[in-house]
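Residues per chain are reported as follows:
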Amino acid sequence: MENLGLIFAPLFSYKLLIVLFFGTIFGLILGVLPGLGPTTGGALILPFTMTLDPLSAIVLLTAIYCAGTYGGAITAILINTPGTPAAAATCLDGYPLAQKGEAGRALGMATVSSVIGGIASVVVLIFFAPLLANLAYEFGQPEYFALAIFGLTMLASIGEGSPIKNLIAGAFGILISTVGKDFMTSIDRFTFGINELTEGIGFIPVVVGLFAISEMLTQSTLINQIFNRVALKAVKLPSIDDYKKTWKTIIRSSGIGSFIGVLPAEGGTVASLIGYAEAKRWSKKPEDFGKGSIEGIAGAEAANNAATGGAMVPTLALGIPGSATTAVILTGLIIHGVRPGPDLFREQPEFLYGIFGSMLIANILFFVLGFFGAKIFARITLVPNKLLWPMIFAVSVCGTYSLNQSIIDVWLMLLFGVIGFFMRRYGFSVVPVIIGLILGELVEGTLRQSLVIFDGNWLMFLQRPIALTFFVLSLIALSFPLIKRKKKNDKV
Amino acid sequence: MNDVHKEKGTNKSLSLFFKSSFIVSAVIIVISSILLYFTFTFDIVPPILNRGIQPATFPKALLILIIALTLLTYFISLKNPWKNEKKLPNSFYITLLSFVVFIIVSKFLDFFLGIALLSIIVSYFWGERRVTYLIMVSIIFPLIVFVFFETILGLRFPPGIITNLYYG
């Protein structure tokens, strides 16, 4: 708590304020463009962050995360296409309200509820992350192994799509992390005689390939898509009556979003769907949902922005990403040589509190920019895909090449782009691949070190209470989809 | 409810081997099996140097897990058939082909030329016919990106017929 004052440090650094300003604008642009969003945008910007110091780099990425999550609402409301997956629930009521000629009111409510959700989640982050980090001091290798397994199973069960397919994708991500020299014995694995592969497959080619290039291929199948745009005169602040209707929903969704965000899962997307469903369940007029309910917009938007701060909790405290975008942020931390975890809280509090403060400022900045600039940002969607995606390709290729100056990285990026496209086409999410890749070294390293400690006795894992708790939670997480399916079948 | 049954019935009438669930599962299993075979070629660490498990054990376990889960997904899909995906449009194959063009041109001729060619192919076949915009997207923008990376990030691009002109 003695470090709380450090939160305000970014306010006194003109460099960080400039980074925050541009990060917020860039995040809004990415959020507005369907198919891009903060995850792909963060992946594209990663190589550029190498020119910045670690704090500025992470501040830039977090500003993109906060603003991009909100930006998705602009297109969701105006063209019925979520700029980001997290804004999918916003379409349900945002677009019908805009069609009634109240686009400004819908965007105003989305902006206000996003800011409240975002700020509430940063408060959760500030108080909860240090507590979780303190708890992590008790963790040894077996506990970290069990935690990583728990993270992966949570991702499989709560994340979008089929849990088994998510597990396959996660295992594939871990498998990618085994390419190269084995870190314990220096024996080559899956290198096929290619020298460049002995160092392993980098994060950047995989992340850019799976997000940006696979999206480019997806867009190539949608070139005849036509958007019906709703005219926007100006964003309006919600009226007193709107606040009366929605304040409970905003508070509830902020809590739901922060909680879902903390769980190692898909963050904003799941949070907004649950936030929306709960808003409907508690509403006095559930029949208005889907027809332009202001509560529906508030419920979805407060929840998805609240997930941003929540998802940063396990990312910073344990090094386990809470969402797809935080997986990119975690990649940023790793390539800048920052290892998240309890030691980071003890040794570099100014770094962490700088991030917390920056997230607060980013929320205020996107409120101002979103409120006065939504009309301009909405015009960005007019840039046709036939011009936008070739440009994104050029940036992706140069960015990927820049990190190791390796043409193999560029080819790997294209390969993962193709793999990512077919994965998405057949219902496999690409997010578990990234999280598996990030956690791969942790999973294998902690497993092998634990087995050394246990002298090869696997049953010893069950004698460690914290590890056992995580294994039990993993089993619960795995059985959750089965219970959900059984309930659904019973209902039918 | 009737529609659901009809839909399921239609899928059942399809040949088992042409269902997308079968093809996808088969591709995953074949690739995983090939990789599993390669794990048997990894060097073995002598017991005295071995820490915990052999370097091949962990990838082997992952590949077996992937194969088992894929089989499980396939058997579940027999009960709840996957929806049959629409055929991919020509624009997809052209974009994919442009990746191949990029790889060949960037490897044997020039990196910058590869990006320019890909950009013009993609932009043209996605519907852009205005010459000014085609030049902008294939030459001017890649040039800006090239100069930005070269000057600000201090990046040295691989040699090629155009890049060599720039570097003198």
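All residue numbers refer to positions counted from 1 along the written sequence of the respective chain. Labels follow written order: the first chain is A, the first ligand is 1, and so on. Residue-level local features of this predicted model are given only where pLDDT is at least 70; pairs of side-chain atoms are given and counted only at 80 or more, and the full residue set underlies all totals for whole chains, interfaces and linings.

Asks: Looking at this structure, how should I read the overall build of chain B?
Replies: Along the backbone of chain B there are seven helices and zero strands. The numbering of helices and of strands both runs from the N terminus, where a helix is a DSSP run of H or I of at least 4 residues and a strand a run of E of at least 2. When the helices and strands of chain B are read in sequence order from the N terminus, they spell out α-α-α-α-α-α-α. Throughout, a pair of residues is in contact if the C-beta atoms placed from their backbones lie within 7 Å. Pairs at least 24 apart in sequence give 58% of the contacts found in chain B among residues at least 6 apart.

Asks: Would you mind showing me how to read the overall build of chain A here?
Replies: Broken down by element type, chain A carries 17 helices and two strands. We compute the radius of gyration over the C-alpha atoms and compare it with the globule rule, which gives 2.2 Å times the number of residues raised to the power 0.38. The C-alpha radius of gyration of chain A comes to 22 Å, within 12% of the 23 Å expected for a compact globule of 492 residues. C-alpha extents for chain A along the principal axes are approximately 70 × 55 × 45 Å. Look at the contacts in chain A between residues 6 or more apart in sequence, and 79% of them connect residues 24 or more apart.

Asks: Explanation requested: the interface of chain A and chain B in the structure shown.
Replies: Accessible area lost during the coming together of the parts is what is often quoted as the interface size. Counting residues at the interface gives 45 residues for chain A, matched by 50 residues for chain B. For the side of chain A that touches chain B, the secondary structure elements donating two or more residues are helix H6 (163–177), helix H7 (203–220), helix H14 (385–404), helix H15 (407–425) and helix H16 (431–453) of chain A. It is H14 of chain A that provides the largest number of residues to the side of chain A that touches chain B, a total of 12 residues. Here the side of chain A that touches chain B is composed, by residue class, of 28 nonpolar, 10 polar and seven charged. Polarity classes work like this: nonpolar for Ala, Val, Leu, Ile, Met, Phe, Trp, Tyr, Cys and Pro, charged for Asp, Glu, Lys and Arg, and polar for all others, with Gly in that last group.

Asks: For this particular structure, what's the right way to read the packing of helix H10 (residues 294–318) of chain A against helix H11 (residues 324–335) of chain A?
Replies: Working note: a packed helix pair is described by the angle between its axes plus the distance between those axes. Residue and element names in this part refer to chain A. Here the axes come from fitting lines to C-alpha atoms, over the contacting stretch only for helices, and the angles between their N-to-C directions go from 0 to 180 degrees. Running from N to C, H10 and H11 point in directions that differ by 35°, and their axes come no closer than 10 Å. The chirality of how H10 crosses H11 is right-handed. Facing Ala311, Met312 and Thr315 of H10, the residues of H11 in contact are Thr326, Ile329 and Leu330. Residue composition of the contact of H10 with H11, by class: four nonpolar, two polar and no charged. Left-handed describes a crossing in which the near helix is turned anticlockwise from the far one by less than a right angle; the clockwise case is right-handed.

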